[in-house]
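Analysis of the macromolecular model
Here are the chains, one letter per residue:
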Amino acid sequence: MAKKSSTTKTAPARKEQATWGGRFSQGPAELMLRFGESVSFDARLAPFDVAGSKAQAKMLAHVGIISQKECADIVRGLDAVLAEIEAGKFEWNIALEDVHMNIEQALTKRVPAAAKLHTARSRNDQVATDMRLFFKDACAKIFEKLGALMNALLDFAEKNQTVYIPGFTHLQRAQPVSVAHHALAYVEMFSRDRERFAAVFDHANWSPLGSGAIAGTTLPIDREFSAREMDFVDDRGNARVTRNSMDAVSDRDTFVEFAAACALCGVHFSRIAEDLILWNTAEFGFVALPDAFTTGSSLMPQKKNPDSLELLRGKSARLHGNLAALVTMVKGLPLTYNRDLQEDKPPVFDSFDTVMIALDVLRETLAGASMRADRCAAAVADPLLLATDVADYLVRAGVPFREAHHVVGHLVALAEKTGTPLNALPFDAVKTIHPALKPDWVKVFDLKTAMASRERVGMPGPKQVKKQLAAWRRKLA
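Keep in mind the model is a prediction, meaning the values are calculated, not measured.

1. A look at a nonpolar patch on the surface
A surface patch of nonpolar side chains, amounting to about 270 Å² of accessible area, comprises Ile-214, Met-246 and Leu-335. Within the secondary structure, Met-246 is located in helix α9 (residues 245-250). Relative accessible area serves as the criterion here: at 33%, Met-246 is assigned to the partly exposed category.

2. Re the pairing of strand β1 (residues 164-169)
Where β1 meets strand β2 (residues 172-178), 5 bridges bridge the pair, whose relative direction is antiparallel. Across the sheet, the residue bridging to Phe-168 is Arg-173, located in β2. Joining the antiparallel neighbours β1 and β2 is a turn of 2 residues, in which His-170 adopts a positive phi near 55°.

3. Some words on the packing of aromatic side chains
On inspection of all chains with the given rule, the structure shows 13 aromatic pairs. Consider the rings of Phe-134 and Phe-349, whose centres lie 5.1 Å apart with planes at 75°: the pair is edge-to-face. Of this pair, Phe-134 sits in helix α6 (residues 123-159) while Phe-349 sits in helix α12 (residues 345-368), and the two are 215 residues apart along the sequence. Each member of the pair, Phe-134 as well as Phe-349, carries the same accessibility label: buried. Seen in terms of ring centroids, Phe-134 and Phe-352 are 5.6 Å apart; in terms of plane orientation they differ by 80°. Their pairing is edge-to-face. On the criterion of sequence distance, the pair formed by Phe-134 in helix α6 and Phe-352 in helix α12 is long-range, its members being 218 residues apart. Just as Phe-134 is buried, Phe-352 falls in that class too. Aromatic ring contacts, followed pair by pair, group Phe-48, Phe-134, Phe-135, Phe-197, Phe-255, Phe-258, Phe-349 and Phe-352 into a single cluster.

4. Some words on the nonpolar core
Core analysis: the largest hydrophobic core is formed by 108 residues, its most contacted members being Ile-142, Phe-190 and Phe-258. Among the elements that make up this core, the one with the highest residue count is α6 (15 residues). Setting aside residues up to four positions removed in sequence, Ile-142 forms contacts with Phe-197, Phe-258, Cys-262, Phe-352, Val-355, Met-356 and Leu-359. Counting residues in hydrophobic clusters, the runner-up holds 22 residues, among them Ala-404, Val-407, Leu-411 and Leu-425.

5. Quick word on unusual backbone geometry
Cis rather than trans, the peptide bond between Leu-335 and Thr-336 has omega equal to 0°. A positive phi angle, near 55°, is found at His-170, a position not held by glycine. By relative accessible area, which is 77% here, His-170 ends up exposed.

Each value, and the rule that gives it
- Residues numbered from 1 in each chain as written.
- Predicted model: local features only at pLDDT ≥ 70, side-chain atom pairs only at ≥ 80, totals over all residues.
- Heavy atoms only, no water.
- Patch = residues over 30% accessible without salt bridge, like charges linked within 9 Å, V, L, I, M, F, W, Y side chains within 5 Å.
- Areas by Shrake-Rupley, 256 points an atom, 1.4 Å probe, with all protein chains shown as cover.
- Salt bridge = Lys/Arg side-chain N within 4 Å of Asp/Glu carboxyl O.
- Helix = DSSP H or I, 4+ residues; strand = E, 2+ residues; numbered from the N terminus.
- Buried < 20%, exposed > 50% of the residue type's maximum accessible area, 1.4 Å probe, protein only.
- Pairing = 2+ DSSP bridges.
- Phe/Tyr/Trp six-rings, centres within 6.5 Å; stacked < 30°, edge-to-face > 60°.
- Core = buried A, V, L, I, M, F, W, Y, C linked by side-chain atoms within 4.5 Å.
- Contact = heavy atoms within 4.5 Å.

By themselves, these figures tell us nothing about what the structure is for.
What follows is the structure in structure tokens.
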């Protein structure tokens, strides 16, 4: 990632200016330079810009527009510029507007032949290429982070296979589930996130280089050659190049798709954060969070606040805002490039940075969290959690489900009216509600039996959970 110097130089506009300067009798105002520059945020594209320029130089030499010696000199010069950038010694100049012109000017000072590098290339297709390279790199990194988080969830699930809690609907106690089954639900979500980032990677994997500003070039370039140099290839190694020059330079679908994938990933880490926040309250008391990812109160010494999780919820909103900004920016733009599109980068850069650190924080928080088995056992002992199992008992006795549902409703009402736990109702009272209720009806309330009865695919039975854990471990290996 490129490092910016602590001070940004503003050179006289006519001396060092972007390539369009020849048309104008005077340079832009200093205010316009500050308003229009993008190098303050697109400097991070330097590695990708250098990669694209190397491919451009090699392609120009391949088709005979520049010599092999000129190409070699340009490539060496690009390596030297990038090394200076990565060492934090490069001085960025806002008079040159962006990362592309800063690198080109620095390169040309070292290698005069670099003046030919921009042949058959526009900053329009150059930035489109840089960003596609960025998206491929970003998606690969997030994909890896998601895999690490999924493994942390599997570790958490494996440790808590025999810890049961109430599952909730409408935030009301519903049915018992294992903590492992609950954690595996999030493994499923983050797996879908990985699929989405893999799809964005695939959509970004098309080279726009050679599209020019709008209509390509009359020069005899070889787009497939430069595409292969940058690894824009399919599974068979065939070059992938964009098929319409106007679309190639104005398309921002990949930006939106990337931001959308980040936003939905944010929804998922926000949801698990909310579960853990609830479980951490004194009212639930299901989980103990690690000190390293919680904070105290400046006033109340007894407090231990789940700040890492609350911040994850907040960061999720930020990701949604970035997506909204991109969609709103693009929706009314005519073809092809418009300067509005300079503002496409800050939202995706921010989304990338936010998702990367958020996934790390969630993974580490989970690694240090421990379930409080005693509190979980007390909560899951509520016999009302197995009310549906009573209905199933009646169905097995031949009672239609709708009728069985009403019967259990009467049992619950009787338990509430008499202040008696559902499984402790006297059988003399129970048998008057429905003849299908026999003395063995109370066996339904054995938690182990109830969980062992849920061994179909996708259910929280112990064998199913073990099978899912093993399957995910194989998949993520």
